[in-house]
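Observations on chain architecture
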Amino acid sequence: MGSNELTHLDDKGNARMVDVGGKLETAREAVARCRVLLAPATFELVKAGNLKKGDVLTVAQVAGIQAAKRTWELIPLCHQINMTFVGVTLTLNEADHTVDIEATARTKAETGVEMEALVAASTAALTVYDMCKAVERGIRITDLRLVRKSGGQSGTWERA
């Protein structure tokens, strides 16, 4: 369950970075997911590996991992975190013509890795878009969400 306070605001409503110096270093994990909706013809090109830019799924996987490690440079009030693991899986869903993306981030730190998992999933999705845009401009990225987090004071949270 979440707090009713916005931790990135001071008592006057100004943005601030949260001081995590007094927190315990604990094992933390976060999992995020999203989907990339493709036209059937584009989906088949991705599946067959026939796009001019190369292997969409592998490039998107590496992009997601790389992005998670640089989250602190993208999101202004995020802390720089030593990641112990980042994994990104991209699964082709034939029935829906989608690329389903799941990103997992782990650390042992004073703060969580939810943003790192979300950045990994969204960057992987944006990379799929970038690699496919020459053949389809109507690609949609949907359902970016945190599905689970564990560790820290608030413990485990899981989306119903």
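Residues numbered from 1 in each chain as written. Predicted model: local features only at pLDDT ≥ 70, side-chain atom pairs only at ≥ 80, totals over all residues. Heavy atoms only, no water.

This next bit is on the UniProt feature "active site" (unreviewed entry) in the protein chain. The sites that UniProt annotates as "active site" (unreviewed entry) are Asp130. The topology assignment puts aspartate 130 in helix 4 (residues 114–132). Within the structure, the side chain of aspartate 130 is placed 3.3 Å from the side chain of lysine 53, a separation counted as a polar contact. (UniProt positions renumbered as here; feature names shortened; annotations may be inferred. Helix = DSSP H or I, 4+ residues; strand = E, 2+ residues; numbered from the N terminus. Polar contact = N/O pair within 3.5 Å; in protein donor to acceptor, adjacent residues only side chain to side chain.)

Right, let's talk about the environment of arginine 33 for a bit. With respect to the element layout, arginine 33 can be found in strand 1 (residues 26–37). C-alpha separation for the pair arginine 33 and threonine 104, spaced 71 residues apart in sequence, amounts to 9.0 Å. Not counting residues within four places of it along the chain, the set of residues in contact with arginine 33 comprises Ile101, Glu102, Asp143, Leu144, Arg145 and Val147. Looking at arginine 33, its side chain comes within polar contact range of the side chain of glutamate 102, at 2.6 Å. (Contact = heavy atoms within 4.5 Å.)

Each α-helix turn comprises 3.6 residues. Residues three or four places apart therefore point the same way. Its 13 residues place the ends of helix 2 (residues 56–68) 18 Å apart at the C-alpha level, agreeing with the 18 Å of an ideal helix rising 1.5 Å per residue. Turning to helix 2, its buried residues number three or more, namely Val56, Ala60, Ala63, Gly64, Ala67 and Ala68. For helix 2, the angular spread of the buried residues around the axis is 130°, confining them to a single face. (Expected span 1.5 Å × (residues − 1). Buried < 20%, exposed > 50% of the residue type's maximum accessible area, 1.4 Å probe, protein only. Arc of directions from axis to C-beta.)

To continue, consider the side chain of arginine 28. For arginine 28, the position within the fold is in strand 1. There is no salt bridge for the buried arginine 28, and the closest opposite charge comes from glutamate 114, which lies 6.5 Å off by N-O distance. At 2.9 Å, the side chain of arginine 28 and the backbone oxygen of alanine 109 are in polar contact. From its side chain, arginine 28 meets the backbone oxygen of glutamate 110 in a polar contact 3.1 Å long. The contacts of arginine 28, once residues within four sequence positions are left out, are Ala105, Arg106, Thr107, Ala109, Glu110, Thr111, Gly112, Val113, Ser150, Gly151 and Gly152. (Lys, Arg positive; Asp, Glu negative; His and termini not counted. Salt bridge = Lys/Arg side-chain N within 4 Å of Asp/Glu carboxyl O.)

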